[in-house]
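# Structure assessment
Each chain is listed here by its residues.
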Amino acid sequence: MKITILSAVISAVSFSALANENAQAMYEVPVEADYQVTLSNWTHPDYNHWAFQNMGIHPSVMVARDGHVSVLPEKLNPSIANMEFEYAGTHYTVEEAMVNDRTDGYVIIKDGHIIHEEYFGTFGAKDHHMWASSTKSLIGQAIGLLVEQGKIDTDKTVESYIEELKGSHFGKQTVRTVLNMTSALNYSEDYANITPGTVHYEYFRRLNLVPAFDLMAIDPTKDATPRGILEFAPHFNQNPDLTVNHKYEYHSPNVDVAGWLIARVSGQSLQDFIAENIWYKLGAEHDAAFMTDMTFTPVATGGFTTTLRDFARVGMVIANNGQYNGEQIFSEAWIKDSFNLSDDEKQHMNRSVYKDKNSTVYDEWLEGYKNYLWVHDSEKGIATFRGIFGQHLYINQEKNLVIATFSSAETASNAARTTNRPRLAAFEAIADSYKQ
């Protein structure tokens, strides 16, 4: 007998706030064919609400928590959800901006206190959710710890640390070039046009964005075809039309190299390094996890999954220059350096497509990009972590404000998705509502 549980789930939430019907996927027992999440449809809007909360559909490894849970006291002000602001001639409330981009949950933390927290659909406070490319910014902070320990010099080349990349394009780049994504790769981060045979198609297959059943079937003892993202790294070349360190280009493979650096220099797996140096100290409420490639290497460029409050805790560490839960978790010098944009680094962003007003991905908020951090205002200490499909961590040091959002948006590119812009504007409107 088929047991339908969707009605019970919907009764526990505001369906008007759900803003998408994709919560139907996977919420019947047994699951009908049309509602089954697969490796081919998991990012599609009818299925991603469930998939982004259940990243165990891919190979994964645990990042354990330890110690006591850091307390997040509350000074609740639910009226902030109804706060009005204007963007591009249209009036919104904060909640409308969130719902319109299919936000699964958001939490606002001011001066260390939860001001407002809201969950939609079947997502809740104890559920895990993918960070996607917000993971990059965590990797940047992990690199900063090794720099502070004197184990990584950002002026040295990658190949001086990773022998396997010697002579490759990545191997010849400095660590700084990789951290700032100015490596001029012959590569495209186009999620909508993934053309078979291109380097980015093959990369996405190893990243799990495109299923690669043929690679899964390979016996690595009999076939040397690169199955994982690290083995594939030497296949990236320089774009003949670009100069290294000329402009910022959002290219995810840079972060795979950074994750490799962390493992090689620390002598630990990436998941163990993050656990022992960050997650143990954070006072996280829950264990985290890393999605991996088929070689069980953590996807440094976008594989982290946590609960929403633990995502926000990471933002609180950045807001306080690395201090949180009685620990100096991240390097204070590294965080300050991340906001200290040189003239060249500002020009890298100004030359990018994100500052071209005629571009569909023009971003009015961005000032620069450094150490995998999206810098909005270097003087005020305003920045974001950003992940495809609407994963955002807004950090405002001046206002001691953190806003974390998880989403299952309809399309991958935040920059190109018009429904995402009012949400970014909502972050600023919330910040502006607080006095200095």
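This write-up is about the structure you can find in this document.

Read across the sheet, seven strands follow the order β7-β6-β17-β16-β15-β14-β13 without closing on themselves; strand pairing throughout is antiparallel. For this open sheet the edge positions go to β7 (113–119) and β13 (368–370), each flanked by a neighbour on one side alone. Direction aside, the axes of adjacent strands within the sheet are offset by 15° on average. Two strands pair when backbone bridges link them, and strand β6 (residues 103–110) and strand β17 (residues 401–407) are joined in this way by seven bridges, in the antiparallel orientation. The partner of Val-107 across the bridge, within β17, is Ala-404.

You can see Arg-102 is positioned in the loop between α4 (94–100) and β6. Separated by 196 residues in sequence, Arg-102 and Pro-298 have C-alpha atoms that sit 27 Å apart.

Turning our eyes to something else, we now look at the sheet that holds strand β10 (residues 304–306). The strands making up a sheet are joined through hydrogen bonds of the backbone, oriented either antiparallel or parallel. Pairing is antiparallel across the open sheet formed by four strands, whose spatial order is β3-β9-β10-β8. Of all strands in the sheet, those bounded by a partner on one side alone are β3 (60–63) and β8 (129–130). Two strands pair when backbone bridges link them, and β8 and β10 are joined in this way by two bridges, in the antiparallel orientation. Looking at β10, one finds that Met-130 is bridged to Thr-305. Strands in contact with helix α12 (residues 270–282) are β3, β9 (288–291) and β10; relative to β3, the strand with the most contacts, it is inclined by about 20°.

This part takes up the side chain of Arg-386. The residue Arg-386 is located in strand β15 (residues 382–387) in this model. A polar atom in the side chain of Arg-386 sits 3.1 Å from the side chain of His-376. Within the local environment of Arg-386, its side chain forms a polar contact with the side chain of Thr-384, the two groups lying 2.9 Å apart. When near neighbours in sequence (up to four residues on either side) are disregarded, Arg-386 contacts Ser-133, Ser-134, Asp-363, Leu-366, Trp-374, His-376, Gln-391 and His-392.

Attention shifts here to unusual backbone geometry. Residue Pro-30 is bonded to the preceding Val-29 through a cis peptide linkage, with omega at -10°. Mapped onto the elements, Pro-30 comes out in the loop between β2 (28–29) and α3 (48–51). Located in the positive-phi region is Asn-321, a residue other than glycine, with phi close to 55°. With respect to the helices and strands, Asn-321 occurs in the loop between α13 (308–319) and β11 (323–324). Within the chain, Tyr-372 stands out as a residue other than glycine whose phi angle is a positive 65°.

Locating Asn-358 in the fold gives a position in the loop between α15 (343–350) and β13. Separated by 146 residues in the primary sequence, Asn-358 and Ala-212 place their C-alpha atoms 36 Å from one another.

An ideal rise of 1.5 Å per residue puts 16 Å on twelve residues; helix α16 (residues 421–432) measures up with 17 Å between its terminal C-alpha atoms. Most of α16 sits out of view: ten of its twelve residues are buried. All of the buried residues in α16 are Pro-422, Arg-423, Leu-424, Ala-425, Ala-426, Phe-427, Glu-428, Ala-429, Ile-430 and Ala-431.

With that out of the way, let us pick up the pairing of β9. The side-chain alternation of β9 yields two buried faces, one formed by Ala-288 and Phe-290 and the other by Ala-289 and Met-291. Pairing of β3 with β9, which is carried by four bridges, proceeds in the antiparallel orientation. Bridge assignment links Val-61 to a residue of β9, and that residue is Phe-290. Bridge count for β9 against β10 is two bridges, and the pairing is antiparallel. Paired with Phe-290 across the strands is Phe-304, a residue of β10.

Below, the discussion takes up the layout of surface pockets. Looking at the largest pocket, its volume works out to about 800 Å³. Around the largest pocket, the lining comprises 35 residues; the ones closest to its centre are Glu-189, Asp-190, Tyr-191, Ala-412 and Ser-413. Its residues assigned to classes, the lining of the largest pocket shows 19 nonpolar, ten polar and six charged.

This paragraph deals with empty space enclosed by the protein. For the coordinates displayed, the defined rule picks out two cavities of 30 Å³ or more. Its boundaries defined by the atoms lining it, the largest cavity holds a volume of some 180 Å³. Looking at the largest cavity, it is lined by 20 residues, and the ones nearest its centre are Ala-132, Leu-207, Leu-209, Gly-302 and Ile-388. If one sorts the elements of the lining of the largest cavity by residue count, helix α8 (residues 199–207) sits on top with three residues. Classifying every residue of the lining of the largest cavity by side-chain character gives 13 nonpolar, five polar and two charged. For the second largest cavity, the calculated volume is near 30 Å³. Around the second largest cavity, the lining residues are Thr-182, Ala-184, Leu-242, Thr-243, His-246, Lys-247 and Glu-249. Residue composition of the lining of the second largest cavity, by class: two nonpolar, three polar and two charged.

All right, on to the packing of aromatic side chains then. The tally for this structure, following the rule as stated, stands at 26 aromatic pairs. Here the aromatic cluster, defined as three or more aromatic residues joined through ring pairs, consists of Tyr-119, Phe-123, Trp-131, Trp-279, Phe-290, Phe-304, Phe-311 and Phe-406. Sitting over the face of the ring of Tyr-434, Lys-110 holds its NZ or CZ atom 5.1 Å from the ring centroid. Taking the ring centre of Trp-374 as reference, the NZ or CZ of Arg-386 above it sits at 4.8 Å.

All right, on to α12 then. Helix length check: α12, at 13 residues, gives a terminal C-alpha distance of 17 Å against a target of 18 Å (1.5 Å per residue), a fit within 8%. Along α12, the sharpest kink reaches roughly 40°, centred on Glu-276. Within the sequence span of α12, burial applies to Leu-270, Gln-271, Phe-273, Ile-274, Ala-275, Asn-277, Ile-278, Trp-279 and Leu-282. Of the residues flanking the end of α12, it is Gly-283, one or two places downstream, whose phi is positive at about 70°.

Reading the values: the criteria
Residues numbered from 1 in each chain as written. Predicted model: local features only at pLDDT ≥ 70, side-chain atom pairs only at ≥ 80, totals over all residues. Heavy atoms only, no water. Pairing = 2+ DSSP bridges. Helix = DSSP H or I, 4+ residues; strand = E, 2+ residues; numbered from the N terminus. Axes fitted to C-alpha atoms, helices over the stretch in contact; angles between N-to-C directions. Contact = heavy atoms within 4.5 Å. Polar contact = N/O pair within 3.5 Å; in protein donor to acceptor, adjacent residues only side chain to side chain. Expected span 1.5 Å × (residues − 1). Buried < 20%, exposed > 50% of the residue type's maximum accessible area, 1.4 Å probe, protein only. 1 Å grid on protein atoms, 1.4 Å probe; cavity = no way out; pocket = protein on both sides within 12 Å on 5 of 7 lines; lining within 4 Å. Points joined across faces, edges and corners; volume = space filled by probe spheres on them. Nonpolar A, V, L, I, M, F, W, Y, C, P; charged D, E, K, R; others polar. Phe/Tyr/Trp six-rings, centres within 6.5 Å; stacked < 30°, edge-to-face > 60°. Lys NZ or Arg CZ within 6 Å of the ring centre and 35° of its normal. Bend = angle between axes of the 7 residues up to and from the residue.

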